[in-house]
Structures are given as C-alpha cells and as structure tokens.
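Report on the structure
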Amino acid sequence: MSTETKVAPKAAMLTRLGLDRFSAIYLFVGFVIVFGIWKTDTFLSSATFKLTLGENVPIGLLALAFLIPLATNSFDLSIGSMCSLSLVVATFLQREATAGVPNGRSFVMPGALSALIAIAVCALVGFFSGFVVVKLRVNSFIATLGVSQIITAVVLKISDNRQITDAYSKTYLQWGRREVFGLPILFVYFIIIAAVIWFVLEHTPVGRYLFATGGNVEAARLAGVRTDRMIWGSLVASATIAGIAGVMLSAKIGFFSAATGPGYLFPAIAAVFFGASQLSRRPNVWGTVLALYALSFGIKGLQLVVGAGSFWVDPLFQGTTLIIAVALASQQGVARIRKKRAA
Amino acid sequence: MGISLHIHSLSKTFPGQVALRDVALDIEEGEIHALVGQNGSGKSTLIKILAGFHQPDANYVVSMRGADFEIGSAAAAHAAGIRFVHQDLGLVEGVSTVENLALGFGYHTSFGRRIKWRSEAKRAKQLLLDIGFDIDVRLPVGALGAAERTGVAIARALQDVDQGVSIVVLDEPTASLPGADVDRLFDAVRRLKQRGISVIFVSHHLEEVFEIADRVTVLRDGLVVGSKKIGELTMDSLIELIVGRKVLAKSAQRSINEEATPRLAVTDLFGPGINGLSLGVRSGEVLGVTGLTGSGRDTIVGLLAGAIPRADGRVLIDGEELPNGNPRGALRRGLAFVPVSRVRNGLLPMMSVRSNLTIANVERNKRGWRLSHRDERHETQDWIAKLSVVTAGTEAPISTLSGGNQQKVMMARSFRLSPKVLLVDEPTQGVDIGAKEEIHAFIDQAAADGTAVLVCSTDSTELARVCDRVIVLYRGEIAQTITRAEGLTAEAIDRAILAGSALAS
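Keep in mind the model is a prediction, meaning the values are calculated, not measured.

1. Some words on the overall build of chain A
On a plain count of helices and strands, chain A comes out with 17 helices and two strands. Burial statistics for chain A: of 343 residues in total, 49% are counted as buried. In chain A, of all internal contacts separated by at least 6 residues, the share reaching a separation of at least 24 is 78%.

Written out as structure tokens, the structure is:
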C-alpha cells in the first residue's frame, strides 16, 4: 500500500519490523537468546521452562480478570485481595473439614467443594462491587479500592494472620502439581480459560457489548446496549476469575499466607497494559498472555544472572519493560497524528 | 456621541467559501447594538474575528476611537478594550466566583505570595454589585442560577474596566436563560450603557432585540443587509431582512393516507424543555420539528427515544406504549434513533466501521454461539455500497472517516433495524453538501418504505427539502404547524421560528 510511504520513516520502520505490535515476541526471543547463551545450563533447562510457565499462572489469571472490566473502561483493583480471599476460604474450609476426620486423605469432597465455595464467595463479592459501581454510582477505581481493603480485613480476620501448611490433601494438591503433555497442569488450565475469555470477548455479541460500553458508554446505551449490566457483569466475572486464581494457587503452593495475592496486582496490570499494546492494539487476551510470558522469562533470566538476593529484579523489570513497550506502541500513534496534521 | 468601533471592508474567506464580504459596522459609544442573522450568516465569524480567533482577509479597516488597530489576535482585542462573554460563559463550575474572576488575571498577593482572599472577595462582590448582582462570591459558581452565572462572566470580562474597556460583546447570553433571568441580565446590560460602555448583543430572540437594542445590524450570507435604528423596524420588516428570499429547494413528493392512524403517537408529553406536547406521525410521513434553542427542539428526540426520562405523557408506536427512559425498550418496540452530536452520542471511537454499524443489533449475525465476523463484513459491505460511504474498508476505525461518512454509518445503524419509527436529530450537522443530499435521499427512502419519520433540525432548507409537515416549537409547545399544502418553504419556516413568540401567545 502507498500509505506506508507517507508515514514518517522512523515509524515506518517500526511498523515493518512489527516493533509496535509484536514487541513482546521480540522481547521473548531476545531473552531466550541472551540468557540462553549467558546461563545455558540453567536457563535453557526444561525445569526452568516449566517452572516459569507454571508459577506465573496466578498472575496471568489475575491479568485476564483485570482485562474484562477494563474492556468496559472499569478498573477492578480488588483482584489481588480477591485472590487471597479465595485462598483463605479454600484453605480454612478444608482445614476445618479434615480436622475432624481421622484420615483426611480419604475425605476428597471437601477439597472440590471448598474450592467451589471459595470461587462462589468471590463471585458474590464481585456482585457487591458491581452494585457499588452501577447502583451507587461510585467510580470503579475507588469502589474496588475500597472493596479490596475490606476483603483484606476479612482475610486477616479469618486467618488471624497465620501461615497454614497442612490444610490440603494429597489429591487436592495433585490438581495443581501434575503435568499433562509435559506441561504444568496449571498452565493448561490457564490456556483453556484464556481461550474461553478470548472467544467471549472477540466472537460473541457480549464481547462486542463490553467493548462498546468501554468505547462510549452513552452511545452504547442509546444503541440499546445494557451498559449497566455489562459493567456489573464484568466485575462479577473478574472476581470469579480471581477466585479461580486463588484456588489454583492453593493447589500449587500448598500453603496459605495472607501476604499472597495482593502482590500480584501490579504484575497482572502490567501484563494487561503491555498486552494492550500488542496485536490488536487494545486490551486483548493473547497480547496479555504474550506480554506476561515475555516479562516472566526476562525476569527469570535476570534472577539466574543476579543469583541470590534478586528480589528487586521483578518490579524493576516489570516497570521498565512496561514503559518501553507502551512507548514503542505510541510512536505509531504519534506518527499518525503528525501525518494527519501534515495532510 | 462618537464612534467607538469602526469596521470597514472586512472580508473573510475560508477555503471554498466566503464567510464575510465587505462588512462595514459602526458601534457608537454607549449604544446597545444587536447583531442578528441566521445560522451561517457570518455573525459568529465576525465575532470570532473581533475576538482574535480568526484572521480576516487583507485590506480591512478597523479603528477604535479613531485609532487603527490590527485585529486577529486576542491580545490586540483586549488592548483595544473589547471584552467578550461567550455563549458557554467559560466558567469553572467547581470553584467560587472569586476564583473564576482571577482566571487569566491572577490574584493580588501579599508577603510570601499569600493570596489576599478577603480583599479579593470584597473586590469580586463590588464588581458584581456594579452590574446589579448581589451574590455570595464564595459559593461555587455551579451553585448559582443561570442569570447569576452570566453575571459572573460579565463581571470577569469587565474587571479591568478602568483600563479602558469600551465594548462588551455578549454572544447569545440569553440562550439558556428562563424569562425572569433575562430581565435581570438586561438590567445589567443597561447599567453598562449608563457607564458609557457599548454592548454588541448577539441573539436569535428578536423580541429581546426590540426590548433592549438601540440599533440592529443584520447579516445574511456574509453580507450586511441592513443597519438600522430599532425605531425604524417592525418585527415583520426585521424578519424580512434576516430571511431574505430563498431559492425553493427540491422537495420530496409523497402521498400519505390522511385517514391512517399515526404510527407514532405522542400525548401530553412533559419533560425538560417540553410542556404538554402531543403529535402524531403516520406511516410514510416525514414530520419536521424546529424551533429556537431552548424551545424544546433540542430535547424532544431524546425524550421520545428514551434517552431522557419523561416527566409525564405517553409515547406509542402502533398502539404499543414505549417504556419511560429506556432506549433499549424503545428500540425493541420498533423505534430507531440517530442522536444529535454523533461524537458524544453515537460513535464508538476506537471501533471499526463494522462494529459501529452493527451495534444496535449484533445478534442478527450470530451463528450458534458464535458471532460471524464474515456475515457482519458482508452486511457492512452492502451498507457501505448502498450509502456510498467513503472508507478504507469494513475494518477501518470509524475515527478515520470524515464527518459526513461517519454520519452515514450512524444512519445505516438505524436503517438496518427496519424501524417502524425513525427519529433523526440534526442529521446533517457538520456534513458536507454531497453527503447531505445522500442522507436526505435516505430519509425519503425510509418514508417510502412505510416508516414514520421525525426529523429535528435547525436547518430550514433541510426541513423544506425532506418534510411533509413541520411543527415549530416555542417554550415546549407547538407554536405553528406548516403543511406542504400551505407552502412549506425554508422562508416560511424561518419566519415561523423567528416569530414564534408572537404566534404562541
């Protein structure tokens, strides 16, 4: 197309190389090469690969949870604490259930049941957030920030801020620790859930309504979209997915701590916004997944390089790459505006 | 009395259009000078040139108290002593009068740049008293009445009056004011006159012009067609000057079954701007609705479509009542609606032409659980061809289209629902001539298909072109109905709008 030539040269090159829309892939490949050479034995091992795929699933799920309300231009900042709420409910229900039974391992039902109850509790809290946003007309940013703090209080109250290690049966832990086709099972769950969300967002009317609500809420309402229901529903969905993240976490790590969960909020949001600069250039599922793993493999590599005491690597890395990726994506936008002015 | 502002040979050419042609205007000291004309007559261009927003063509003569000055910059207008109160007032509603007055002027401060709030408040109070408003200057401006807010805007424009303010331009100051507030505003304007300050008063309300103006200058199609003392004019002769003679637009020819019951029936409708309105539109008929801003013309479509909740009254389509304040409910009962100001109420800015077109009925292209993007593309392609929408394709972001083409997509969004009743609000606002005619042809087509169409517009030529019948609103009621049989021309509609007050009483 001749339009290519009209774009400023710098931006044209960005476009040709796909640096604007596919920077996460470049990043991913770059990390594999750099760290593969630098730390060949550790970084390129299948153990590292599996570990990284599996351990980032809760963050990835929270990112998907964040993505859905974001499509309607609402923010759900309660997903991190929602995850720990799910974790605490799942843990303490099983603990109570197994405590009274002489042989906890033979008692399977409470594991599944408590997981379902934990997810249902989160969905209910999400329903409450939706009520606050839609009916009480509180800005979603503020509403979910408030809900988040309330949840934290509940979690601390239930758990008494203890760490619990012996709550789960072996069967229960198997759900989170098995491998299928040589992949961590959590990663498989994650990809299935991502595919479902992708289908709903991109290939059903509901997805269209969600993005329409986010694009121009008044225009969507006047065109017959039930915008209130979309916002409300998206908050229930995000809470439910955060609940699932909590349950998966319990089955994977096998112990409870009130500190787990809230810390995932930033990496999750970073993956969504980085992901929104990828592929279709709006918040989207596969861009988010791509961004998540580009970031996490980079972090893993750096951790191996730095060695002990590498806690500071995660946030530094997430912050820097987020800024770089979004900046690369905006260059295209800037060029487009310049072109328009020139015309 | 001397001449305050003298303008001669002022022209303004926009690409492809002459907005002002050899305008001459003299404003005397201490006079209230009304500037009137229809939309597009050039009066807002003239005001914008004075304000320094537009640069006029070369070879103009403008002098202030005999001294030439270069117009075309805000600073020059300010230095020459011209102050402006624009229609939207430009106030910040969340902060107090004192703070609004300081915008662009700054505060008086004492040691350490501490703002001297007390003396600032006193000064603000005095400024408002000078023009006849006794208000609490510490209240947020949003908490004040409409007239008081206008007062604050005037006070702000006049606060450095000692530096030689000689002209205040009031651009449609009464557009959003209820009757009683207009009187207060006029008292303030007369006080300015007593202080020897000239006022240029822009208004659509001719009865107000007769009430307050000393002189009237009429613009039509960029020309000054008359500048007269108010005593030399009557309502009729003034309307004649404003409207002039218009070429008869080509108009639709339709035969409507006069006996048929209306498809759209509205009884005793009350709501913002509307006071007990009843009307009916038959199948295949196009009803036009017009009136001044604030007459109810600007809210009627929103009220009928459910975008604005109605206070009372019933809206029926084929005998079925529409739920109140529920656009979706109205849509499901056969009402489609193209809202005014498409950027705010219509466009989904980040989305494609396809998504914008299909949003009012996405379900149609569902195949099982899945939404078929392919079927959507085919359908969108058909509409693009039918309405000759200029776009890079069905997947192009809607924001890449021109205004006229965006509007066509908005029309297609409604047409594709095959509605029983179609409401269109300002269908050709910000649309170029070519697209305009195509949109009009589509309104004809909708009527031919048996839809009852209601077109709300401020463009009389448009109404004369597409409508079978036009109602003119005044203060929320029907002031006059003009049918095709009685001679539905743009001129007749303009007369009815301008004379609305006389006919309503």
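This is not the end of the story, as more comes after the structure.
2. Things to note about the interface of chain B and chain A
Opposite the 24 residues of chain B that make contact, chain A presents 18 residues. For the side of chain B that touches chain A, the secondary-structure elements that each account for two or more residues are helix 10 (327–332), helix 11 (342–345) and strand 18 (370–371) of chain B. A per-element tally of the side of chain B that touches chain A places helix 10 of chain B first, with three residues. Considering only residue class, the side of chain B that touches chain A consists of 15 nonpolar, three polar and six charged.

3. Some words on the packing of helix 6 (residues 57–71) of chain A against helix 14 (residues 227–253) of chain A
All names here are of chain A. Direction vectors running N to C along helix 6 and helix 14 enclose 175°, while the axes themselves pass 8 Å from each other. Taken together, the axes of helix 6 and helix 14 are roughly antiparallel relative to one another. Contacts from Val57, Pro58, Leu61, Leu62, Leu64, Ala65, Phe66, Ile68, Pro69 and Ala71 of helix 6 reach helix 14 at Ser234, Leu235, Ala237, Ser238, Ile241, Ala242, Ile244, Ala245, Met248 and Leu249. Class assignment for the residues of the contact of helix 6 with helix 14 results in 18 nonpolar, two polar and no charged.

4. What about helix 13 (residues 373–386) of chain B?
Between the first and last C-alpha of helix 13 of chain B there are 20 Å, a value that for 14 residues agrees with the 20 Å anticipated at 1.5 Å per step. Residues of helix 13 of chain B that are buried make contact with helix 12 (353–358) and helix 14 (403–415) of chain B.

5. Things to note about the sheet that holds strand 21 (residues 469–474) of chain B
All names here are of chain B. The six strands lie next to each other as 16-19-20-13-21-22, forming an open sheet whose pairing is mixed. Both outer strands of the open sheet, strand 16 (335–338) and strand 22 (477–483), are each paired with one neighbouring strand and no more. Taken pair by pair, the neighbouring strands of this sheet meet at an average axis angle of 20°, ignoring direction. Sheet topology note: the strand 13 (residues 286–291)/strand 20 (residues 452–456) ladder contains four bridges and is parallel. The residue bridging Val289 from the neighbouring strand is Cys456, located in strand 20. Packing of helix 14 onto the sheet brings it into contact with strand 16 and strand 19 (421–425), and relative to strand 16 it is tilted by some 175°.

6. Observations concerning the sheet that holds strand 6 (residues 82–85) of chain B
Residues and elements named next belong to chain B. In space, the six strands of this open sheet follow the order 6-7-8-3-9-10, with mixed pairing throughout. A single partner strand is all that each edge strand has here, and the edge strands are strand 6 and strand 10 (223–229). Direction aside, neighbouring strands of the sheet carry axes that sit 20° apart on average. Where strand 3 (residues 32–36) lies against strand 8 (residues 198–202), four bridges are found, and the strand directions are parallel. Its bridge partner being in strand 8, Leu35 is matched across the sheet by Val202. Relative to strand 7 (residues 167–171), helix 1 (residues 43–51) is tilted by about 140°, and along the sheet it contacts strand 3, strand 6, strand 7, strand 8 and strand 9 (215–220). Here helix 8 (residues 235–243) sits on the sheet in contact with strand 3, strand 9 and strand 10, set at roughly 30° to strand 9.

7. A closer look at the confidence of the model for chain A
All names here are of chain A. Summing up the model confidence of chain A, the mean pLDDT is 83 and the portion of residues at 70 or higher is 85%. Of all secondary-structure elements in chain A, the lowest mean pLDDT belongs to helix 1 (residues 3–6), at 40, while helix 6 reaches the highest, 95. Note that pLDDT drops below 50 for residues 1–8; the model gives that stretch eight contacts with residues more than four away or on any other chain. A low-confidence stretch, residues 104–109 stays under pLDDT 50, and its non-local contacts, those more than four residues away or across chains, total nine contacts.

8. Quick word on the pairing of strand 20 of chain B
Residue and element names in this part refer to chain B. The element strand 20 is extensively covered by neighbouring structure, given that five of its five residues are classed as buried. With burial as the criterion, each face of strand 20 is covered, one bearing Ala452, Leu454 and Cys456 and the other bearing Val453 and Val455. Inspection of the sheet shows strand 19 paired to strand 20 by five bridges, in the parallel sense. If you follow Leu422 over to strand 20, its bridge partner there is Val453.

9. Comments concerning the pairing of strand 8 of chain B
All names here are of chain B. Strand 8 sits mainly inside the fold: five of its five residues count as buried. Residue alternation in strand 8 divides its side chains into two sets, Ser198, Ile200 and Val202 and Val199 and Phe201, and both sets are buried. Examined bridge by bridge, strand 7 and strand 8 share five bridges and lie parallel to one another. Residue pairing across strands places Leu170 opposite Phe201, the latter belonging to strand 8.

10. Brief notes about the packing of helix 6 of chain A against helix 11 (residues 185–203) of chain A
Residues and elements named next belong to chain A. The N-to-C vectors of helix 6 and helix 11 enclose an angle of 10°; their axes lie 10 Å apart at closest approach. Judged by the inter-axis angle, helix 6 sits roughly parallel to helix 11. On helix 11, the residues that touch Val57, Gly60, Leu61, Leu64, Ile68 and Ala71 of helix 6 are Leu186, Phe187, Phe190, Ile193, Ala194, Ile197 and Leu201. For the contact of helix 6 with helix 11, the per-class residue count stands at 12 nonpolar, one polar and no charged.

11. Quick look at helix 8 of chain B
Residues and elements named next belong to chain B. Within helix 8 the residues assigned to the buried category are Leu238, Ile239, Ile242 and Val243. In an axial view of helix 8, the angular spread of the buried residues amounts to 120°, which keeps them on one side of the axis. With respect to the buried face of helix 8, the exposed residues turned more than 90 degrees away are Asp236 and Ser237. Elements in contact with the buried residues of helix 8: strand 3, helix 7 (206–212), strand 9 and helix 17 (490–498).

12. Examining the environment of Val95 of chain B
Residues and elements named next belong to chain B. Along the chain, Val95 turns up in the loop between strand 6 and helix 3 (97–102). Spatially, the C-alpha atom of Val95 lies 6.1 Å from that of Val141, the residues being 46 residues apart in sequence. Non-local contacts of Val95, meaning those with residues more than four positions away in its chain, are made with Asn100, Pro140 and Val141.

13. Brief notes about the nonpolar core
Residues and elements named next belong to chain A. Within the largest apolar cluster, 255 residues are counted, with the highest numbers of intra-cluster contacts made by Leu61, Leu62 and Ala268. Residue contributions to this core peak at 15 residues, all from helix 14. Apart from the residues within four sequence positions on either side, Leu61 is in contact with Phe190, Ile193, Ile241, Ile244, Ala245 and Met248.

14. Here we look at unusual backbone geometry
Most peptide bonds take the trans configuration, and most residues that are not glycine carry a negative phi. Residue and element names in this part refer to chain B. Unlike most non-glycine residues, Ser388 shows phi in positive territory, near 40°. Inspection of the secondary structure puts Ser388 in the loop between helix 13 and helix 14. Take Ser388: there are 11 C-beta atoms within 10 Å of it, and that puts it in the exposed class. One non-glycine residue, Ser418, lies in positive phi territory at about 45°. Positionally, Ser418 belongs in the loop between helix 14 and strand 19. The exposure class of Ser418 is partly exposed, given the 14 C-beta atoms found within 10 Å.

15. So, the environment of Gln126 of chain B
Tracing the backbone shows Gln126 of chain B in helix 4 (residues 117–130). Linking Gln126 of chain B and Gln159 of chain B, residues 33 residues apart in sequence, is a C-alpha distance of 9.9 Å.

16. Concerning the environment of Arg332 of chain B
Residues and elements named next belong to chain B. Mapped onto the secondary structure, Arg332 falls in helix 10. Given 14 C-beta atoms within 10 Å, Arg332 falls into the partly exposed group. Sequence separation of Arg332 and Gly2 is 330 residues, and the distance between their C-alpha atoms is 65 Å.

17. Focus on the confidence of the model for chain B
Residues and elements named next belong to chain B. For chain B, mean pLDDT is 84; residues scoring 70 or higher make up 92% of the total. Taken element by element, chain B is modelled with least confidence in helix 18 (residues 500–504), mean pLDDT 53, and with most confidence in helix 12, mean pLDDT 94. Note on the complex model: pTM 0.76, ipTM 0.82.

Rules used in this analysis
Residues numbered from 1 in each chain as written. Chains lettered and ligands numbered in written order. Predicted model: local features only at pLDDT ≥ 70, side-chain atom pairs only at ≥ 80, totals over all residues. Helix = DSSP H or I, 4+ residues; strand = E, 2+ residues; numbered from the N terminus. Buried ≥ 20, exposed ≤ 12 C-beta atoms within 10 Å, placed from the backbone. Contact = placed C-beta atoms within 7 Å. Nonpolar A, V, L, I, M, F, W, Y, C, P; charged D, E, K, R; others polar. Axes fitted to C-alpha atoms, helices over the stretch in contact; angles between N-to-C directions. Parallel < 35°, antiparallel > 145°, perpendicular 65-115°, else oblique. Expected span 1.5 Å × (residues − 1). Pairing = 2+ DSSP bridges. pLDDT = per-residue confidence, 0-100. Arc of directions from axis to C-beta. Core = buried A, V, L, I, M, F, W, Y, C linked by C-beta atoms within 7 Å.

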